[in-house]
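What follows is each chain in one-letter form.
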Amino acid sequence: MTAADDFALHRAHLVGVAYRLTGSVADAEDAVQEAWLRFSAAEGIRDVRGWLTTVVSRICLDRLRSAAVRRETYVGSWLPEPLLTTGEADDPLASVVRSDGVRMAALVLLDRLTPEQRVAFVLHDAFSLPFNEIADTLGVSEASARQHASRARKAVAGAEPPPRAALAEQQEVLEKFLSAMAGGDIDAVLGLLHPDAVMIGDGGGKVRTAVNTIAGAEKIARFFFGLIRKYGFEDDFPQIRPVQVNGDLGVVIAAQGEMTPRVTTFTVHDGKILAVYDIANPDKLGHVDFLV
């Protein structure tokens, strides 16, 4: 088996690790590519998967620390880059999005953590790495690695998103929601939004979306209908294409007049939309195909 063949066996796993650590498709791809370059030049590696996981995690830790500095001046809310898949079994990212841990709601929770907490928590709780290896990745003692993971668990405790709804249920809710929006039926829209629904937008200060989190069904409905009045989607709703985003259903919205491209995804719970995530920052959408 060649080095390339050996690496290919672990690539999907490494992408999953890197994406869950960084929330960035671009950073995940860069980290995996850098790991390949190091792997191709290395010799005598016994535990290939473990070695590669450690390398990718260290690269991602550096990216997380840099991102933490950038976020101090970031305008509005910060959302992960959307990970779009076809839903087909042969999609190379199918195994990555299968996990609940890469759902948009779960990644938003991880952004509450420090870089060290996030790495310790994800590597141990999601990928079952032992703390001695995590300590080596972080450059700390094993006791400190355990403490980072423990603090991470406390930070996200009680805020975990509900279990992923079946895709058939998500599709039914999304179709009804889009139909109600297109028809201007505000009562139907309100009926499809959970009373405690929230909407988070990420435009990075470059394009328009919700700057602050919108809470409550009525406020979210008003926001969406305000978009329709401004951009006239009633006349050209086909500009919206259903897709799978981080394993859940969402939509890709192509540019239309003053409306900039975006990816919007939803959390569905008990037949209603519990959360809306609108990723509009163009820096986070370079990998998205907006052709309808």
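This text goes with the structure placed above it.
Overview of the structure. (Residues numbered from 1 in each chain as written. Predicted model: local features only at pLDDT ≥ 70, side-chain atom pairs only at ≥ 80, totals over all residues. Heavy atoms only, no water.)

1. Description of the pairing of strand β2 (residues 193-202)
Every regular strand shows the same layout, with side chains that alternate between the two sheet faces.
Part 1: Among the ten residues that make up β2, seven are buried, leaving the element largely enclosed by the rest of the structure.
Part 2: Bridge count between β2 and strand β7 (residues 272-279): six bridges; the pairing is parallel. Bridged to G201 within β7 is D278.
Part 3: One ladder, built from two bridges, connects β2 with strand β3 (residues 214-215); its direction is antiparallel. Across the sheet, the residue bridging to V198 is A215, located in β3. (Buried < 20%, exposed > 50% of the residue type's maximum accessible area, 1.4 Å probe, protein only. Helix = DSSP H or I, 4+ residues; strand = E, 2+ residues; numbered from the N terminus. Pairing = 2+ DSSP bridges.)

2. So, the packing of aromatic side chains
Two descriptors summarise a pair of aromatic rings, namely the distance from one centre to the other and the angle between the planes of the rings.
Part 1: For the coordinates displayed, the defined rule picks out eight aromatic pairs.
Part 2: Ring geometry for F7 against F39: centres 6.1 Å apart, planes inclined by 35°, an arrangement best described as tilted. A residue pair is termed long-range when its members are at least 10 positions apart, and F7 in helix α1 (residues 3-8) and F39 in helix α3 (residues 25-41) qualify at 32 residues. Each member of the pair F7 and F39 is classed as buried.
Part 3: The lysine or arginine in question, K284, covers the ring of W78, its NZ or CZ lying 3.9 Å from the ring centre. (Phe/Tyr/Trp six-rings, centres within 6.5 Å; stacked < 30°, edge-to-face > 60°. Lys NZ or Arg CZ within 6 Å of the ring centre and 35° of its normal.)

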